[in-house]
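Survey of secondary and tertiary structure
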Amino acid sequence: MKTRRAIYPGSFDPVTFGHIDVIKRAANFVDEVIVAVAENENKKPLFTSDERTHMLMESLKDHPGVRVESFDCLLVDYAQERKVNVILRGLRAISDFEFEFQMALMNRRLKPNLETVFLTPSEDVTFLSSRLVKEVARLGGDVRQFVPEIAVQALAKKFAEK
Ligand code: ADP
């Protein structure tokens, strides 16, 4: 039988319960989910790629079938290198659609055999984004219901340093 693997790429700056919801759903129907942290230095992330990867690894250590890696190249090249032809993305709302649709079609042009699969998150996480969580944390709000404990601590530390 084929081993079905899929790549779930993103910035994960930091991981939220929205990302984790998508990863758990995916792990129910593929053998291995590769959570791929895009280094994305041009996006000026709050956390380094190592910090983002570490937070994901800690948050997902009890989930079999999930591995966390980081990459710093074109996603389609990374997928080819890892011999994976399914890209997973989460769609929160119509507002995500345009960008995700463009990206999926761009990736298909670049690698026609690559399929992008969109997952629908649980409705109680659809409002969550790393950007908003950072904003709440920066202003001293409680983010424990939005991100795993390791990210709560990391956000507190990061904003205490600033
Ligand atoms: P990017 O910087 O590539 O947008 P993110 O880390 O913000 O990466 O998100 C990675 C993927 O996870 C994207 O497909 C995004 O739409 C999805 N995602 C982010 N937050 C949520 C959420 N709350 N529910 C479902 N999907 C989400």
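For the structure, see preceding data.
To keep things clear, this report deals only with the structure shown in the data block. Owing to the predicted nature of the structure, the values given are computational and were not obtained by experimental measurement. (Residues numbered from 1 in each chain as written. Predicted model: local features only at pLDDT ≥ 70, side-chain atom pairs only at ≥ 80, totals over all residues. Heavy atoms only, no water.)

What about the overall build of the protein?
Secondary structure assignment for the protein yields 6 helices and 5 strands. Moving toward the C terminus, one meets the helices and strands of the protein in the order β-α-β-α-β-α-β-α-β-α-α. Here the C-alpha atoms of the protein give a radius of gyration of 16 Å, agreeing with the 15 Å that 2.2 N^0.38 yields for 162 residues. Viewed in the frame of its principal axes, the protein has a C-alpha envelope of about 45 × 30 × 30 Å. Expressed as a percentage of the 162 residues in the protein, the buried residues total 46%. (Helix = DSSP H or I, 4+ residues; strand = E, 2+ residues; numbered from the N terminus. Rg over C-alpha atoms; globule rule 2.2 N^0.38 Å. Buried < 20%, exposed > 50% of the residue type's maximum accessible area, 1.4 Å probe, protein only.)

Thoughts on the site of the ligand
Taken together, the neighbourhood of the ligand is formed by 17 residues, with Tyr 8, Ser 11, Phe 12, Lys 43 and Gly 90 sitting nearest. Contact distances for the ligand include 3.1 Å between an oxygen atom and a side-chain N or O atom of Arg 89. Within the backbone of Leu 128, one N or O atom sits 2.9 Å away from a nitrogen atom of the ligand. In the complex, the protein chains occlude 90% of the 550 Å² of accessible area that the ligand would expose alone. (Near = heavy atom within 4 Å. Polar contact = N/O pair within 3.5 Å; in protein donor to acceptor, adjacent residues only side chain to side chain. Areas by Shrake-Rupley, 256 points an atom, 1.4 Å probe, with all protein chains shown as cover.)

Observations concerning the pattern of salt bridges
Overall, the coordinates contain 15 salt bridges when judged by the stated rule. The partner of Arg 89 in a salt bridge is Glu 100, and the shortest N-O contact between them spans 2.8 Å. Separated by 11 residues along the polypeptide, Arg 89 in strand 4 (residues 86-90) and Glu 100 in helix 4 (residues 94-110) bring together distant segments of the chain. Arg 89 gets classed as buried once you look at its relative accessible area, which sits at 16%. Looking at Glu 100, the relative accessible area reads 7%, which means it is buried. For Arg 144, the salt bridge identified is with Asp 142, shortest N-O distance 2.7 Å. The exposure class assigned to Arg 144 is exposed, which follows from its relative accessible area of 53%. Taken together, the salt bridges that share partners define one network made up of Arg 5, Glu 32, Arg 67, Glu 69 and Arg 82. (Salt bridge = Lys/Arg side-chain N within 4 Å of Asp/Glu carboxyl O.)

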